[in-house]
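The primary structure of each chain is shown beneath.
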Amino acid sequence: VIRCGAAVAWAVGKPLSVEEVEVAPPKAGEVHVKIVATGICCTDEHLLEGCLPDADFPVIPGHEGAGIVKSVGEGVTSRGTQHGMCIIPGDKVIPLCLPQCGECSFCLNPKSNYCLKSHVSEPQNLLPDKTSQFTCKGKRIHHFLWVSTFAEYTGIPEYAVAKIDAAAPLDKVCLLGCEFSTGYGTAINTTKAPTCTVFGIGGVGLSVVMGCKAAAASRIIAVDINKDKFARAKVLGATDGISPWDFKKPIEEVVTEMTGYGVDDSFEVIGHADTMAAALASCNINTGICVMVGVPASGSAISIDPMLLLCGHTWKGTLLGGWKMRDFIPKLVSSYLEKKFNSDLLLTHTLPIAKVNEGFELLCAGK
């Protein structure tokens, strides 16, 4: 049993509390990871607000981390050898909030990056055997997406861990666990055309901008109500920055007028029903592709004009940018080390875990 620090959410709407928790030894098929760095993502905020289904409290949030393997349970090494990713103590790894078991029908489908062990199909508030690695003050603490990177040590199923290059700086590549891989992957796996709109330019939205630029888009329109974000977006590749608050007409009409017939590809990276509808309507009515990247609140509903789809629009969603995570995270880390992209530009603040609530305040303030 390891005793370590962790940021625990005891109830919906309450600040996180940094506590000493006990982490049980890894069982068969589990990996213990010492978390070195973790990002704060809006999905963590959704969890704390009670907007996610199957979320049980108390819980340790966090899903965008990087660390070092402390120990492994029975069968991990042999199974890893069989599947081409042998994980041993001392390895640098990125926990995966979208697992890849390598055996289900989706994992075996080359067109899919879904896994039947994903949180969409199988609740991940406890480990697969319905137990928790964590206890605090005599109470069981729930996991979040199996990874719970707001703990100094965490226990994870081996198919939700990707081994990465030993040279990788963990305080930088932790962003590849969700934020950067989601945005960048969504863009480069979708964009084949010259004009794009990105609704919401937080960390994931900025990663979409970087992906659009890497895919050679010639015009990238960033849309956000916080105009302070436009300078950074333009450094990363955006050609325009517009705020809905500056216009009396719907923002989709503004985008259509700017581009003639609407953009080729649009990306909604907020998770609001109204911006999802606006992103779809900002596309070229016949060949436009709209991708939902942001996570909507549980139970959300969207109302759209069906003619938008009948005319040829494509409306789709994405999970973690379309990557098969165990396969592609190591490749993304190698690309980072080869300086094929600079995700460091997304970093704004570095805080100790004791100031995790201050981190959420900065996130919610758009800073």
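Residues numbered from 1 in each chain as written. Predicted model: local features only at pLDDT ≥ 70, side-chain atom pairs only at ≥ 80, totals over all residues. Heavy atoms only, no water.

- As annotated in an unreviewed UniProt entry, the protein is Alcohol dehydrogenase 1 from Eudyptes filholi.
- Check the Sequence similarities (unreviewed entry) section of the UniProt entry for the protein; it says "Belongs to the zinc-containing alcohol dehydrogenase family."
- Under the UniProt heading Cofactor (unreviewed entry), the entry covering the protein gives this text: "Zn(2+)". (UniProt positions renumbered as here; feature names shortened; annotations may be inferred.)

1. Examining the nonpolar core
Logical step 1: Of all hydrophobic cores here, the largest spans 84 residues; its most connected members are Val-21, Ile-60, Ile-94, Val-173 and Ile-329.
Logical step 2: With six residues, the single largest contributor to this core is helix H5 (residues 203-214).
Logical step 3: Counting 14 residues, the second-largest nonpolar core is a separate cluster that includes Ile-242, Ala-278, Leu-280 and Cys-283. (Core = buried A, V, L, I, M, F, W, Y, C linked by side-chain atoms within 4.5 Å. Buried < 20%, exposed > 50% of the residue type's maximum accessible area, 1.4 Å probe, protein only. Helix = DSSP H or I, 4+ residues; strand = E, 2+ residues; numbered from the N terminus.)

2. Some details on helix H11 (residues 356-364)
Logical step 1: Taken together, the buried positions of H11 are occupied by Val-356, Gly-359, Phe-360 and Leu-362. The buried residues of H11 occupy an angular sector of 160° when the element is viewed end-on, so they sit on one face. Looking at H11, the residues exposed on the side facing more than 90 degrees away from the buried face are Glu-361 and Cys-364.
Logical step 2: Positive phi shows up at Gly-366, right after H11, with a value of about 75°. (Arc of directions from axis to C-beta.)

3. Focus on the packing of helix H4 (residues 179-188) against H5
Geometry of a packed helix pair, given as the angle between the helix axes and the separation of the axes.
Logical step 1: As a packed pair, H4 and H5 sit with axes 7 Å apart at the nearest point and diverge in direction by 35°. Where H4 crosses over H5, the handedness of that crossing is right-handed. For the pair H4 and H5, contact is made by Glu-179, Phe-180, Thr-182, Gly-183, Tyr-184, Ala-187 and Ile-188 and by Gly-203, Val-204, Ser-207, Val-208, Met-210, Gly-211, Cys-212 and Ala-214, respectively.
Logical step 2: Grouping the amino acids of the contact of H4 with H5 by side-chain chemistry returns nine nonpolar, five polar and one charged. (Axes fitted to C-alpha atoms, helices over the stretch in contact; angles between N-to-C directions. Left-handed = near helix turned anticlockwise from the far one by under 90°. Contact = heavy atoms within 4.5 Å. Nonpolar A, V, L, I, M, F, W, Y, C, P; charged D, E, K, R; others polar.)

4. As for the side chain of Asp-91
Logical step 1: Mapped onto the fold, Asp-91 is located in the loop between helix H2 (76-83) and strand E5 (92-95).
Logical step 2: Judged by relative accessible area, Asp-91 falls into the buried class, the value being 11%.
Logical step 3: A distance of 2.8 Å separates the side chain of Asp-91 from the backbone nitrogen of Ile-88, its partner in a polar contact.
Logical step 4: Not counting residues within four places of it along the chain, the set of residues in contact with Asp-91 comprises Gly-67, Ile-68, Val-69, Cys-86 and Lys-163. (Polar contact = N/O pair within 3.5 Å; in protein donor to acceptor, adjacent residues only side chain to side chain.)

5. What about the sheet that holds strand E9 (residues 161-163)?
Strand pairing in a sheet is mediated by backbone hydrogen bonds. Such pairs are either parallel or antiparallel.
Logical step 1: Taken in spatial order, the five strands make up an open sheet running E8-E3-E4-E5-E9, and their pairing is antiparallel. Of all strands in the sheet, those bounded by a partner on one side alone are strand E8 (153-157) and E9. Across the sheet, the mean angle separating the axes of adjacent strands is 45° when strand polarity is ignored.
Logical step 2: For strand E4 (residues 65-72) and E5, the ladder comprises two bridges, and the chain directions are antiparallel. Opposite Ile-68, over in E5, you have Lys-92 as the bridge partner.
Logical step 3: Each of E5 and E9 is contacted by helix H10 (residues 325-337), which is oriented at about 40° to E9, the strand it contacts most. (Pairing = 2+ DSSP bridges.)

6. Side note on the packing of aromatic side chains
Logical step 1: Per the stated rule, a full pass over the model turns up eight aromatic pairs.
Logical step 2: A centroid spacing of 4.9 Å and a plane angle of 85° characterise the contact between Phe-106 and Tyr-114, whose relative ring orientation is edge-to-face.
Logical step 3: By relative accessible area, Tyr-114 is classed as buried at 14%.
Logical step 4: On the numbers, 6.3 Å between centres and 50° between planes, the contact of Tyr-336 with Phe-341 is tilted. One exposure class covers both Tyr-336 and Phe-341, and it is buried.
Logical step 5: Over the ring of Phe-328 we find Lys-331; its NZ or CZ atom is 4.8 Å from the centre of that ring. (Phe/Tyr/Trp six-rings, centres within 6.5 Å; stacked < 30°, edge-to-face > 60°. Lys NZ or Arg CZ within 6 Å of the ring centre and 35° of its normal.)

7. Some thoughts on the sheet that holds strand E10 (residues 195-199)
Logical step 1: Strand order across the open sheet formed by six strands is E12-E11-E10-E13-E14-E15, with parallel pairing between neighbours. Looking along the sheet, the strands with just one partner apiece sit at the ends: strand E12 (240-242) and strand E15 (314-317). Between one strand axis and the next, the sheet turns by 15° as a mean value, whatever way the strands run.
Logical step 2: Strand direction decides the pairing type here: E10 and strand E13 (residues 265-268), joined by four bridges, are parallel. Residue pairing in the sheet places Thr-197 in a bridge with Ser-266 of E13.
Logical step 3: Sheet contacts for H5: E10, strand E11 (219-223) and E13; angle to E10, the most-contacted strand, approximately 170°.
Logical step 4: Set on the sheet, helix H7 (residues 251-259) makes contact with E10, E11 and E12; between it and E11 the angle comes to about 160°.

8. Focus: the UniProt feature "domain: Alcohol dehydrogenase-like C-terminal" (unreviewed entry) in the protein
Logical step 1: If you check UniProt for "domain: Alcohol dehydrogenase-like C-terminal" (unreviewed entry), the listed places come out as residues 203-325 in our numbering.
Logical step 2: The span residues 203-325 shows a helical share of 33% and a strand share of 16%, and its end C-alpha atoms are spaced 19 Å apart.

9. A few points about the pattern of salt bridges
A side chain of one charge can pair with a side chain of the opposite charge if their charged atoms are brought near each other.
Logical step 1: Applying the stated criterion to the full structure yields 12 salt bridges.
Logical step 2: Two residues, Lys-229 and Asp-224, come together in a salt bridge whose shortest N-O distance is 3.8 Å. Of the two residues examined, Lys-229 and Asp-224, each falls in the buried class.
Logical step 3: One connected set of salt bridges, linked through shared partners, spans Lys-27, Glu-30 and Asp-129. (Salt bridge = Lys/Arg side-chain N within 4 Å of Asp/Glu carboxyl O.)

10. Things to note about unusual backbone geometry
Outside of glycine, negative phi angles account for most residues, and trans bonds account for most peptide bonds.
Logical step 1: Between Phe-57 and Pro-58 the backbone carries a cis peptide bond, its omega angle lying at -5°.
Logical step 2: You can see Pro-58 is positioned in the loop between helix H1 (42-49) and E4.
Logical step 3: One non-glycine residue with positive phi stands out, namely Lys-137, at about 55°.
Logical step 4: Here Lys-137 is to be found in the loop between strand E6 (134-136) and strand E7 (139-141).
Logical step 5: In this structure, Lys-339 takes a positive phi of about 60° despite not being glycine.

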